[in-house]
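Reading the structure
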Amino acid sequence: MLLKLRKLTRDNSVGWFLKNEAPFFSTKQASMAQKSPGSHKVQALYDLCRKTFTPSGTPPLSSHSVRKLCSLLDTIGPADVGLPEDALEDDRGHGIFGLNRLDRVPRWAQPITYVDIHECESFTMCIFCFPTSAVIPLHDHPGMTVFSKVLYGSLHIKAYDWIEPTRIVNKSGPVRLAKLAVDNVLTAPCTTSVLYPKSSGNLHCFTAITPCAVLDILSPPYREDAGRRCTYYCDYPYSTFSNEDERSDEEEDYAWLAETGTPDDLYMRPGKYNGPAIQV
């Protein structure tokens, strides 16, 4: 996923690509991460994912499989994946990946760091590290199931599901009706959240309330030639494109979503995984 998914530049390119930036880990930090007592957890997570997921995403996951994965993910903390404790105290989002103090820029300009743990045809294991106020805009996960575990900090999640049957109107371009599924702040320690291909908020937006990190398991991974392209959306209040006679007391639960290009201000950089090595 790291190769396909991503640093976003500000040049309106559709794909995400990475430039060669190295994170700043001390030798001591890397050594501590490799010797983490949670190493068996990462290996156990990989082994369980390998047994659970398929390249096609079919058949759908059983409730038993979902519970097993969630139960394991719920036990994983920052140290288990090689994130040092000082990351939690860094209010500018630079703690574990470093920044030249002579070259500081405003917090809003700081990148989200993407850490690739493992990717194969069936699933992706990765971590997103957010500085305060960083945003991953509203986007979809076509045909995918995603497990998200907040490792530290607080993260606001706003998520939608498409209304079935599909309802589309054309107002200077097509907009499609969706229903609000999630509008919550998750603060670690908390339980794992799960979204499914057609429920539980398949289209979501992440906003960092504080510096935070999220461990994600995506299955199957994004893959354009298999119809799993990441698409971004803007959401508009239900009243924006609805007639007066269509208004109701529940309209706050609905929104119109319009497809948009890759956001200009979404900026990601790669980070090095310094957690326990996985035996593949």
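Residues numbered from 1 in each chain as written. Predicted model: local features only at pLDDT ≥ 70, side-chain atom pairs only at ≥ 80, totals over all residues. Heavy atoms only, no water.

Describing unusual backbone geometry
With an omega of -5°, the peptide bond running from Glu164 to Pro165 counts as cis. Counting through the fold element by element, Pro165 comes out in the loop between β5 (154-162) and β6 (168-170). Here the bond from Ser219 into Pro220 is cis, since omega is -15°, no more than 30 degrees from zero. Position of Pro220 among the secondary structure elements: in the loop between β10 (212-219) and β11 (232-237). At Ser200, a residue that is not glycine, the phi angle is positive and equals roughly 65°. (Helix = DSSP H or I, 4+ residues; strand = E, 2+ residues; numbered from the N terminus.)

Some remarks on the pattern of salt bridges
Applying the stated criterion to the full structure yields six salt bridges. The shortest N-O distance in the salt bridge between Asp47 and Arg50 comes to 4.0 Å. One end of the pair is Asp47 and the other is Arg50, both in helix α3 (residues 39-52) and three residues apart, which spans about a single turn. For Arg50, a relative accessible area of 45% corresponds to the partly exposed category. (Salt bridge = Lys/Arg side-chain N within 4 Å of Asp/Glu carboxyl O. Buried < 20%, exposed > 50% of the residue type's maximum accessible area, 1.4 Å probe, protein only.)

A look at the packing of aromatic side chains
Considering all chains together, one arrives at nine aromatic pairs under this definition. Arranged with centres 5.6 Å apart and planes meeting at 75°, the rings of Tyr236 and Phe241 form a pair that is edge-to-face. For Tyr236, a relative accessible area of 34% translates into the label partly exposed. By relative accessible area, Phe241 is classed as buried at 16%. Counting every residue linked through ring pairs, the aromatic cluster contains Tyr46, Phe53, Phe123 and Phe147. For the cation-ring pair, Arg176 lies above Trp162, with the distance from its terminal atom to the ring centre recorded as 4.2 Å. (Phe/Tyr/Trp six-rings, centres within 6.5 Å; stacked < 30°, edge-to-face > 60°. Lys NZ or Arg CZ within 6 Å of the ring centre and 35° of its normal.)

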